[in-house]
Amino acid sequence: MKGIRLDPGLPVIGVIGLVALWYVAVWFEVVDKVLLPSPTDTFRALWKGMTGGRLGFDFWRTVERTCLATLIAAAIAIPLGIFLGASEKLYRSVEFVIDFFRSTPASAMFPLFLVLFGVGDETKISVAAFGAALVILFNVAYGVMNARKTRLLAAKVMGASRLRVLTDVMLLESLPQTFVGLRNGVSLALVIVVVAEMFIGSTDGLGHRVFEAQQLFAMPDMYAAIFAAGALGYGLNLLFLLVERQFVHWSGK
Amino acid sequence: MNREGGNARAASAGPAVIAAAGAAGSAHVTIRGLCKRFDDAVVYDRFDLDIPHGKLISVFGPNGCGKSTLINMIAGLIPTDGGEILFEGKPLRDIKFGYVFQNYREALFPWLRSLDNIEYPLKLMKLPKGERKARTERLLAHLGVKLDLRRYPYELSGGQQQLISIMRALVVEPEILFLDEPFSALDYEMTLFMRDQLQRVFVETGTTTVLVSHDLEEAVYLADRILLLSRRPAAIADYVSYDAPRPRTGATLSQQDFVRVKAHCLDVFQREVRKA
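Residues numbered from 1 in each chain as written. Chains lettered and ligands numbered in written order. Predicted model: local features only at pLDDT ≥ 70, side-chain atom pairs only at ≥ 80, totals over all residues.

Summing up its helical and strand segments, chain A has ten helices and zero strands in all. Along chain A, helices and strands appear, N-terminal first, in the series α-α-α-α-α-α-α-α-α-α. For chain A, the spread of C-alpha atoms along the principal axes amounts to about 70 × 65 × 30 Å. The long-range share in chain A, meaning contacts at least 24 apart out of those at least 6 apart in sequence, stands at 74%. (Helix = DSSP H or I, 4+ residues; strand = E, 2+ residues; numbered from the N terminus. Contact = placed C-beta atoms within 7 Å.)

Shown next, in the form of structure tokens:
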């Protein structure tokens, strides 16, 4: 049998296929022209919006909120996750609460946070941080709890104190799982921020842009904003992957 | 048929005989009245053992008899349920020792370069950087190891990784070295090579060494004495001496002496297995 060598250009095929299909759909007017603008119009709107248009500004507002939310979430959840994960008993005692709120749709928390923080940015960022924090917390705690027992023993047998075992071994052992949490957390934060920008008295952000374009029936703009949001989500994930590969070079080895 | 030759004087089980044997070379580790149980299984019940100074002891016995449990208790990795383990009269916390795990992949720190892995226990001892470097270099020169230590453990072969583990255990200049089936995850070629590396370390340093092995050939080849354990609760089935000169080589394996000792150990082992 012939060995399989994967061409790095392979993913491009899917993109070309989708755009081609889109062109065909527009050409034969499968969907109403107003609802489905041509790829050319959409990408022109995307280009114009991102280079000096409203879309670029909204894009960066969303980046700002998402990053701030993730940062806050990480700052709270990582130390707390380590603390809880270091004692399995402790984690088991709060596991249900964490899992319960992790399973609660963060969007259901909007009204509560609105009461607490008003209609400003604080609400959007804090709901997103809340959602992301639980995801990060759970992953960090599991990363710490699942630290390889042999490695902990090895440190202990060499005379490491409990604190040294924690800082020299457990923390590093939990890093790969922490990054899984961060990647999931930032994705969730983006979802929550975009939804919040649509409905919670917003004047900017990608969510607001999509919503406004739809209200004005500016379809190319709406699609452009959707693509910008997609690119942002993908880019954030990729960024965390690259950082992870740099800092957690041993992951999966 | 008597298989016990001149060099392979086997002591029969029992602390009195062991103590007598220990008098020849002073005892480094004395174990008295050791007890250990896991749930319902009694693994050790008033177990006595002397480990002589500067000798390499192999521990061999039926599966699940508690070979690893024994060295893990001696090295303080798992608690005992009773009894006393002393190192020339001192408790474990007062001595320096090295421990080599079977699973080198999980025992080394993948986030540290090999060199930093070796130096890690020195860091725990709070030695200054220069001293750490000097010690590591001394050890490397001593062992004649040619490895790129700037690499991460996962970039090395299994044997090389285990070699790093052994060096990490040796760098503190331990009084006693424990190895728990250190070569059982390696292929045969690497195992042969590593046996000779270990022998070389032993000849060079003369450190009291306790090796748990599941391979009788290896147990005899490396040992000054082979500790044969019975089934649970583990007792000393035999404590066989083997004093062929070192360095032992491939030729040793076919010498009469070796063959006789190994055959005797196998007899004892099979007798113990059949008892079940």
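More follows now that the structure is in view.
Our focus in this paragraph is the overall build of chain B. Of regular secondary structure, chain B possesses nine helices and ten strands. Whereas a compact globule of 276 residues would reach a radius of gyration of roughly 19 Å, chain B reaches 19 Å, a difference of no more than 12%. At a minimum sequence separation of 6, the contacts of chain B that also span at least 24 residues come to 76%. (Rg over C-alpha atoms; globule rule 2.2 N^0.38 Å.)

The interface is formed by 15 residues belonging to chain B together with 13 residues belonging to chain A. Broken down by secondary-structure element, the contributors of at least two residues to the side of chain B that touches chain A are helix H3 (104-107) and helix H4 (114-124) of chain B. Tallied by class, the residues present in the side of chain B that touches chain A amount to 13 nonpolar, one polar and one charged. (Nonpolar A, V, L, I, M, F, W, Y, C, P; charged D, E, K, R; others polar.)

In this section: the sheet that holds strand S5 (residues 82-87) of chain B. Two modes of strand pairing occur in sheets, parallel and antiparallel, and in both the strands are linked by backbone hydrogen bonds. Residue and element names in this part refer to chain B. Overall, antiparallel pairing links the three strands, which are arranged S3-S2-S5 in an open sheet. Taken across any chain shown, the strands that pair with only one partner, and hence form the sheet edges, are strand S3 (41-52) and S5. In this sheet, neighbouring strand axes are inclined to one another by 15 degrees on average, regardless of whether the strands run parallel or antiparallel. Bridge analysis of strand S2 (residues 27-38) against S3 gives eight bridges, and the strand direction is antiparallel. When the bridges of S3 are listed, leucine 34 appears paired with phenylalanine 47. (Pairing = 2+ DSSP bridges. Axes fitted to C-alpha atoms, helices over the stretch in contact; angles between N-to-C directions.)

One finds A:Ala132, A:Ile136, A:Ala189, B:Val59, B:Phe178, B:Ile226 and B:Leu228 to be the most contacted residues of the largest nonpolar core, which totals 134 residues. Of all the elements, helix H6 (residues 121-145) of chain A adds the most residues to this core, at 15 residues. With sequence-adjacent residues up to four places away left out, B:Ile226 is seen in contact with B:Ser58, B:Phe60, B:Ala219, B:Val220, B:Val240, B:Tyr242 and B:Cys265. (Core = buried A, V, L, I, M, F, W, Y, C linked by C-beta atoms within 7 Å. Buried ≥ 20, exposed ≤ 12 C-beta atoms within 10 Å, placed from the backbone.)

Moving on: H4(B). Residues and elements named next belong to chain B. Extensive coverage of H4 is indicated by the burial of eight of its eleven residues. All buried positions along H4 are accounted for by Ser114, Leu115, Asn117, Ile118, Glu119, Tyr120, Pro121 and Leu122. Lining the buried residues of H4 we find helix H5 (129-143) and helix H6 (158-170).

Before going further, it helps to spend a moment on the environment of A:Leu172. Along the chain, A:Leu172 turns up in helix H8 (residues 162-199). Sequence-wise, A:Leu172 and A:Pro37 are 135 residues apart; in three dimensions their C-alpha atoms are separated by 50 Å.

With that out of the way, let us pick up unusual backbone geometry. Across the chain, the bulk of peptide bonds are trans and the bulk of non-glycine residues have phi less than zero. That bond from B:Arg232 to B:Pro233 is cis: its omega, -15 degrees, falls within 30 degrees of zero. Looking at the secondary structure, you find B:Pro233 in the loop between strand S9 (225-229) and strand S10 (236-241). The backbone of A:Glu29 sits at a positive phi, close to 50 degrees, despite the residue not being glycine. As for its position among the elements, A:Glu29 is in the loop between helix H1 (10-27) and helix H2 (39-50). The phi angle at A:Phe217 is positive, at roughly 60 degrees, despite the residue not being glycine. With 10 C-beta atoms packed within 10 Å, A:Phe217 lands in the exposed category.

A word on the packing of helix H3 (residues 54-86) of chain A against H6(A). Residues and elements named next belong to chain A. Interhelical geometry of H3 versus H6 gives an angle of 35 degrees and a closest axis separation of 6 Å. In this structure, H3 crosses over H6, and the sense of that crossing is right-handed. Residue composition of the contact of H3 with H6, by class: 24 nonpolar, five polar and three charged. (Left-handed = near helix turned anticlockwise from the far one by under 90°.)

All right, on to the pairing of strand S8 (residues 208-212) of chain B then. Residues and elements named next belong to chain B. Burial analysis of S8 places five of its five residues in the buried class, which makes it a mostly covered element. The side-chain alternation of S8 yields two buried faces, one formed by Thr208, Val210 and Val212 and the other by Thr209 and Leu211. Inspection of the sheet shows strand S4 (residues 56-60) paired to S8 by four bridges, in the parallel sense. Paired with isoleucine 57 across the two strands is valine 210, which belongs to S8. Looking at chain direction, strand S7 (residues 176-180) and S8 are connected through five bridges and run parallel. When the sheet's bridge partners are listed, leucine 179 is paired in S8 with leucine 211.

Time to look at the packing of H8(A) against helix H10 (residues 219-247) of chain A. Residue and element names in this part refer to chain A. Between H8 and H10, the least distance of the axes is 10 Å, while the angle of their chain directions is 160 degrees. It follows that H8 is roughly antiparallel to H10 by the angle criterion. Here the hand of the crossing between H8 and H10 comes out right-handed. Side by side, H8 and H10 meet where Phe179, Leu182, Arg183, Val186, Ser187, Leu190 and Val194 of the first sit next to Ala229, Leu232, Gly233, Leu236, Asn237, Phe240 and Glu244 of the second. Looking at side-chain class alone, the contact of H8 with H10 contains nine nonpolar, three polar and two charged residues. (Parallel < 35°, antiparallel > 145°, perpendicular 65-115°, else oblique.)

Looking at chain B, the pLDDT average stands at 86 and 91% of residues meet or exceed 70. Low pLDDT (under 50) marks residues 1-24 of chain B, which in the prediction has 41 contacts with non-local residues, meaning those over four places away or in another chain. (pLDDT = per-residue confidence, 0-100.)

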